[in-house]
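These are the residues of each chain, in order.
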Amino acid sequence: MTVAIDPATRATAPVALRRTAPDPARIAEDVLAVLEAAEWTRFVGDGADVSLKPNLGWDKPLPGAISAPWVVEGVILALRERAGSIVMVESDQVVMRSEDALRASGLDRVCARHGMRFVNMSHGSFVRVTDAARHVLRDVMIPEVLTRPQLVTLPVLKTHNKTTITGALKNQWGCLDTLRHEFHLVLSEALADVNSLVQPRLAVMDGTVGLEGDGPKAGIPREMGLVLASANLVGLDAVAARVMGYDPDQVNHLSWCADAGLGGVSGFEIRGESVDDVAERFRDAHHNAVSWLELALRTSALRRLVFPTPVFHLMCWGARRYYDVWNLTVGRRRRQRFLGTSAYAAQWRR
């Protein structure tokens, strides 16, 4: 497994926050600038092989819900001068295939331009990791592709109906196998465990277009024009929470991950923009029908009649149909509104 960064070093690593503009060349410059301000070469080894983990949690091309091509390409351009090989990775969900999300985001073209391989971790090799000291992931399968390269995580600035925000730490949820939903009732503990297992070296957050409201999927795109970076994953998410108008102390998994040595909520330098100058209150995320039903069943006596049985496959089919209908009736309208008004729209048009 990848060697962990010293917890004290990680907790004090700076968080870089920078405004950018809707131009791919400018974004590439600003991504490099936040990486340098975050002292990224201290954390990504010279010549190291790198796995890039974007946020490809949905196959509907709603800006803000999934990673933006210009930001991801800016990271690739910066890393390729230092890294050995670079591979892009993501996992399936029970309601979608990651290859479909790759195409919806336009990142398939980014991979093609740079001759990069995309690995669907759900269909690759896994290694078993056992550790009785973990909170909940004491015996778990981890994608083999994450056991040797250094992981750079590429989250998006957005809200989440189970964790308030989704950021650098939540992005590693996709490093577990497809049935990771089984840990939804112990998300904070599971996030501390999975991040400790895969040990991201660095995070670069896409805040060009965020997502507010009912994230991580059925939200509303919100143009912010920001990029952030840090090896202090907890600190970066704390800054992101403040940018979205949330108190980091109210984001439960941050304290669990801080205790696991993945960064600090405070005690680090913020370089670049002042948080107060760029902060805008995001609309809160609420459970949609799919999320509400799942949590209701998991906390009821019916759970044993649903999740370990074929009934669960029927529920997954229903969830996919729910999101198809939502996309047709709501999502497409929001996407078209964004494409008609935002200068960031060009990267989303095929």
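This text follows the structure it describes.
Residues numbered from 1 in each chain as written. Predicted model: local features only at pLDDT ≥ 70, side-chain atom pairs only at ≥ 80, totals over all residues. Heavy atoms only, no water.

Draft legend 1. Representation of the overall build of the chain within the structure. On a plain count of helices and strands, the chain comes out with twelve helices and twelve strands. For a compact globule of 350 residues, the expected C-alpha radius of gyration is about 20 Å, and the chain comes in at 19 Å, within 12% of that figure. C-alpha atoms of the chain, sized along the principal axes, occupy 50 × 50 × 40 Å. Out of the 350 residues in the chain, the part that is buried amounts to 59%. Summed over its atoms, the accessible surface of the chain is roughly 13900 Å², and 50% of this surface lies on carbon and sulfur atoms. (Helix = DSSP H or I, 4+ residues; strand = E, 2+ residues; numbered from the N terminus. Rg over C-alpha atoms; globule rule 2.2 N^0.38 Å. Buried < 20%, exposed > 50% of the residue type's maximum accessible area, 1.4 Å probe, protein only. Areas by Shrake-Rupley, 256 points an atom, 1.4 Å probe, with all protein chains shown as cover.)

Draft legend 2. Broad picture of the environment of Pro 22. When you line up the elements, Pro 22 lands in the loop between strand S1 (15–19) and helix H2 (24–37). Distance from Pro 22 to Glu 280, taken between C-alpha atoms, is 19 Å for residues 258 residues apart in sequence. Non-local contacts of Pro 22, meaning those with residues more than four positions away in its chain, are made with Trp 70, Ala 343 and Tyr 344. (Contact = heavy atoms within 4.5 Å.)

Draft legend 3. Quick look at the nonpolar core. Counting residues in each nonpolar core, the largest one holds 57 residues, and the members touching the most others are Leu 35, Leu 52, Leu 79, Met 88 and Val 152. With sequence-adjacent residues up to four places away left out, Met 88 is seen in contact with Leu 52, Pro 54, Val 72, Ile 76, Leu 102, Leu 107, Cys 111, Met 116, Arg 117, Phe 118 and Val 119. Judged by nonpolar contacts, the second largest core, of 50 residues, contains Val 89, Val 129, Val 140 and Val 251. (Core = buried A, V, L, I, M, F, W, Y, C linked by side-chain atoms within 4.5 Å.)

Draft legend 4. Region of interest: helix H10 (residues 289–298). Within H10, burial applies to Ser 291, Glu 294, Leu 295, Leu 297 and Arg 298. The buried side chains of H10 occupy one side of the element, clustering within an arc of 165° when seen end-on. Measuring from the backbone nitrogen of Val 290 back to the side-chain oxygen at the start of H10 gives 3.1 Å, which picks out Asn 288 as the cap. (Arc of directions from axis to C-beta. Polar contact = N/O pair within 3.5 Å; in protein donor to acceptor, adjacent residues only side chain to side chain.)

Draft legend 5. Representation of the pattern of salt bridges within the structure. Applying the stated criterion across every chain, the model contains 23 salt bridges. Taking the shortest distance from any N to any O, the salt bridge between Glu 212 and Arg 283 comes out at 3.7 Å. Linking Glu 212 in strand S10 (residues 202–214) with Arg 283 in the loop between helix H9 (275–278) and H10, this pair joins segments that are 71 residues apart in sequence. Owing to a relative accessible area of 51%, Arg 283 belongs among the exposed residues under this scheme. The partner of Arg 298 in a salt bridge is Glu 294, and the shortest N-O contact between them spans 2.6 Å. Note that Arg 298 and Glu 294 are positioned in helix H10 at a spacing of four residues, about one turn of the helix. Note on Arg 298: relative accessible area 10%, which makes it buried. What makes Glu 294 buried here is its relative accessible area of 11%. (Salt bridge = Lys/Arg side-chain N within 4 Å of Asp/Glu carboxyl O.)

Draft legend 6. The arrangement of the pairing of strand S11 (residues 218–230) in detail. With respect to burial, S11 is a largely interior element, eleven of its 13 residues being buried. With four bridges connecting them, S1 and S11 associate as antiparallel partners. When the sheet's bridge partners are listed, Arg 19 is paired in S11 with Leu 226. Hairpin remark: S10 followed by S11, antiparallel, with three residues in the connecting loop. (Pairing = 2+ DSSP bridges.)

Draft legend 7. Just the packing of aromatic side chains, in detail. Throughout the structure, instances matching the rule amount to four aromatic pairs. Both rings, one in Trp 58 and one in Trp 326, keep their centres 5.6 Å apart while their planes meet at 50°; by these two values the pair is tilted. Linking Trp 58 in the loop between strand S2 (50–54) and helix H3 (69–79) with Trp 326 in helix H12 (residues 311–341), this pair joins segments that are 268 residues apart in sequence. For the residue pair Trp 58 and Trp 326, the accessibility class agrees, reading buried in each case. Ring plane angle 80° and centroid distance 5.4 Å describe the contact between Tyr 322 and Tyr 323, whose orientation is recorded as edge-to-face. The ring centre of Tyr 246 lies 4.4 Å from the NZ or CZ of Arg 281, which sits over that ring. (Phe/Tyr/Trp six-rings, centres within 6.5 Å; stacked < 30°, edge-to-face > 60°. Lys NZ or Arg CZ within 6 Å of the ring centre and 35° of its normal.)

Draft legend 8. Layout of the environment of Pro 149. Counting through the fold element by element, Pro 149 comes out in the loop between strand S6 (139–143) and strand S7 (150–154). Exposure remark for Pro 149: the relative accessible area of 12% places this residue in the buried category. Once the C-alpha coordinates of Pro 149 and Arg 134 are considered, the two residues, 15 residues apart in sequence, prove to be 23 Å apart.

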